[in-house]
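For reference, the chains in residue letters:
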Amino acid sequence: MAEIATLARPYANAVFDLARSAGRMTQWSPMLGLLARAVETDEVKDLVALPSLAPAVKARRLVELVREEIDDHCRRFVNVLADNHRLELLPEIAAQFEALKAEAEKTLDVEITAAVGLTDRQVDAYSTALRERFDQEVSVKVEVDPGLVGGAVVRAGDTVIDGSVRGRLTRLIESLQRN
């Protein structure tokens, strides 16, 4: 997995720099996301894997699938990836682009999984606390998992804060087993 990330990084950085300098990060996000989803389909995976097919043909066929939803800059980007035999990296490029975009915009995607639905006031309180803790704007997504029994689990980037009753019970059991 690290190899894929390493191979994708220069392309993600290049397209991010291009998008940022043109003030078009918002336009590039959906185009890269669409291409990433297209490359993950069986049809396109098979197309990309064909060694007998010229890179230009692979690029043309991929572009034909999404023609109406990408612009000329994105088409040229697809051609560059095809010429370098890197079309399969599109999902990782899109993911890295989104991470760079979020960092540049100082936004952090936060997922809160709670045992019960949260009120708007509770979501606002979480948002305020997380904004202060991470010094970034946060985009909060709430999910309900009754299996947590009570409390919530907050995932913000690489940070996981487990304040669920299930998590506390698990830590208590582990502590008792060690002693």
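Reference entry: report on the structure contained in this document. (Residues numbered from 1 in each chain as written. Predicted model: local features only at pLDDT ≥ 70, side-chain atom pairs only at ≥ 80, totals over all residues. Heavy atoms only, no water.)

**Considerations on the pattern of salt bridges**
Should their charged atoms come close, side chains of opposite charge can pair.
Working step 1: Per the stated rule, a full pass over the model turns up nine salt bridges.
Working step 2: Salt-bridge contacts for R20 lead to D17; the nearest nitrogen and oxygen are separated by 3.6 Å. With R20 and D17 both in helix 1 (residues 2-21) and three residues apart, the pair spans about one turn of that helix.
Working step 3: Judged by its relative accessible area of 46%, R20 falls in the partly exposed class.
Working step 4: The exposure class of D17 is partly exposed, given its relative accessible area of 41%.
Working step 5: In this structure, the salt-bridge partner of E137 is R131, at a minimum N-O distance of 3.5 Å. (Salt bridge = Lys/Arg side-chain N within 4 Å of Asp/Glu carboxyl O. Helix = DSSP H or I, 4+ residues; strand = E, 2+ residues; numbered from the N terminus. Buried < 20%, exposed > 50% of the residue type's maximum accessible area, 1.4 Å probe, protein only.)

**Quick notes on helix 4 (residues 55-66)**
Along an α-helix, residues three or four apart share an orientation, since each turn contains 3.6 residues.
Working step 1: In this model helix 4 runs 17 Å from its N-terminal to its C-terminal C-alpha over 12 residues, within 8% of the 16 Å that 1.5 Å per residue would give.
Working step 2: Within the sequence span of helix 4, burial applies to V57, K58, A59, L62, V63 and V66. (Expected span 1.5 Å × (residues − 1).)

**Some remarks on the packing of helix 3 (residues 42-49) against helix 4**
Working step 1: Contact geometry for helix 3 and helix 4: axes closest at 10 Å, N-to-C directions at 165°. Classified by the angle between their axes, helix 3 and helix 4 sit roughly antiparallel to one another. Once helix 3 is placed against helix 4, the crossing between them reads as left-handed. Residue-level contacts link E43, V44, L47 and V48 of helix 3 to K58, R61, L62 and L65 of helix 4.
Working step 2: Classifying every residue of the contact of helix 3 with helix 4 by side-chain character gives five nonpolar, no polar and three charged. (Axes fitted to C-alpha atoms, helices over the stretch in contact; angles between N-to-C directions. Parallel < 35°, antiparallel > 145°, perpendicular 65-115°, else oblique. Left-handed = near helix turned anticlockwise from the far one by under 90°. Contact = heavy atoms within 4.5 Å. Nonpolar A, V, L, I, M, F, W, Y, C, P; charged D, E, K, R; others polar.)

**Describing the nonpolar core**
Working step 1: Core analysis: the largest hydrophobic core is formed by 33 residues, its most contacted members being W28, L62, F77, L90 and I93.
Working step 2: Only helix 1, helix 2 (25-39), helix 3, helix 4, helix 5 (72-83) and helix 6 (90-104) provide two or more residues apiece to this core.
Working step 3: By residue number, the principal contributor to this core is helix 2, which donates nine residues.
Working step 4: Grouped together as the second largest cluster of nonpolar side chains are nine residues, L108, V110, A114 and L130 included. (Core = buried A, V, L, I, M, F, W, Y, C linked by side-chain atoms within 4.5 Å.)

**Overview of the packing of aromatic side chains**
Two descriptors summarise a pair of aromatic rings, namely the distance from one centre to the other and the angle between the planes of the rings.
Working step 1: On inspection of all chains with the given rule, the structure shows two aromatic pairs.
Working step 2: Ring centres 6.0 Å apart and planes at 70° place the aromatic pair F16 and F97 in the edge-to-face group. Separated by 81 residues along the polypeptide, F16 in helix 1 and F97 in helix 6 bring together distant segments of the chain.
Working step 3: Residue classification places F97 among the buried positions, given a relative accessible area of 0%.
Working step 4: The interplanar angle of 90° and the centroid separation of 6.0 Å between the aromatic rings of W28 and F77 together place this pair among those described as edge-to-face. Of the two residues, W28 is situated in helix 2 and F77 in helix 5; the sequence distance between them amounts to 49 residues. Note on accessibility: W28 and F77 belong to one class, buried. (Phe/Tyr/Trp six-rings, centres within 6.5 Å; stacked < 30°, edge-to-face > 60°.)

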